Amino acid sequence: EDFIDIHYREENAQIRGLFSYLESMTAIMGKNEQGEKLITVSKIYYCEIVDRKCFAYLEKEVYQIDYGLQQFLDAFHGQGMVRISKSMCVNVFFISCV
C-alpha cells in the first residue's frame with residue numbers, strides 16, 4: 001500500500017496549502033459502459049440521483065458512483081460540493097454565473 005507521511009513543526013500557510021492541494025486530489029471509483037475508472041473528485045461538475053443511483057458528471061463523461069448523495073456530500077463538502085436540491089449537488093468551483 002502506498003502512503004505519505006508529512007512531518008511539520010507548526011501549521012502555517014504553506015502546510016495548509018499542501019493539505020488543501022492533497023484533499024483536492026481525492027479520487028473515487030466510477031463506472032460506465034467502458035468500465036471502471038478512478039475519478040478525481042475535483043473534476044466532478046455535479047452529481048445527480050437518477051432511479052436511486054448516483055451519477056457524477058465530468059466535463060465530457062458520466063460515471064455511476066457507489067455513494068448516496070448525502071454520503072457523497074459528507075465526504076467531499078470541503079472540496080466545493082454543495083447540495084442544491086433533493087437529488088443534486090454541484091461543485092461551486094465550476095459555477096461561473098447564476
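To keep things clear, this report deals only with the structure shown in the data block.

About the cut-offs
- Residues numbered from 1 in each chain as written.
- Predicted model: local features only at pLDDT ≥ 70, side-chain atom pairs only at ≥ 80, totals over all residues.
- Heavy atoms only, no water.
- Helix = DSSP H or I, 4+ residues; strand = E, 2+ residues; numbered from the N terminus.
- Buried < 20%, exposed > 50% of the residue type's maximum accessible area, 1.4 Å probe, protein only.
- Pairing = 2+ DSSP bridges.
- Axes fitted to C-alpha atoms, helices over the stretch in contact; angles between N-to-C directions.
- Contact = heavy atoms within 4.5 Å.
- Polar contact = N/O pair within 3.5 Å; in protein donor to acceptor, adjacent residues only side chain to side chain.

## Description of unusual backbone geometry
Logical step 1: If you check the backbone angles, D51 has positive phi at about 50 degrees while not being a glycine.
Logical step 2: Mapped onto the elements, D51 comes out in the loop between β3 (46–50) and β4 (53–57).
Logical step 3: For D51, a relative accessible area of 71% puts it in the exposed group.
Logical step 4: Positive phi, normally seen in glycine, also occurs at R52, with a value near 65 degrees.
Logical step 5: Following the sequence through the fold, R52 ends up in the loop between β3 and β4.
Logical step 6: The exposed category is assigned to R52, whose relative accessible area is 83%.

## A few points about the pairing of strand β7 (residues 88–91)
Logical step 1: Every second residue of β7 is oriented toward a common face, with M88 and V90 on one face and C89 and N91 on the other, all of them buried.
Logical step 2: Of the pairings in the sheet, the one linking β3 to β7 comprises three bridges and is antiparallel in character. For C47, the partnering residue across the bridge sits in β7 and is C89.
Logical step 3: Of the strand pairs in this sheet, strand β6 (residues 81–85) and β7 are connected by four bridges, and their pairing is antiparallel. Bridge pairing in β7 places M81 opposite N91.
Logical step 4: Connecting the antiparallel pair β6 and β7 is a turn made up of two residues.

## Some thoughts on the sheet that holds strand β2 (residues 35–40)
Logical step 1: Pairing is antiparallel in the open sheet, where seven strands are placed in the order β2-β1-β5-β4-β3-β7-β6. Of all the strands in the sheet, the pair left with one neighbour each is β2 and β6. For this sheet, the mean angle separating the axes of adjacent strands, direction not counted, is 35 degrees.
Logical step 2: Along the sheet, helix α2 (residues 69–76) makes contact with β1 (27–32), β3, β5 (62–65), β6 and β7, crossing β6 at roughly 150 degrees.

## Describing the side chain of N91
Logical step 1: Considering the arrangement of structural elements, one finds N91 in strand β7.
Logical step 2: Looking at N91, its side chain comes within polar contact range of the main-chain oxygen of I44, at 3.1 Å.
Logical step 3: Those residues within four positions of N91 in sequence are excluded, and the remaining contacts are V41, S42, I44, Y45, Q79, G80 and M81.

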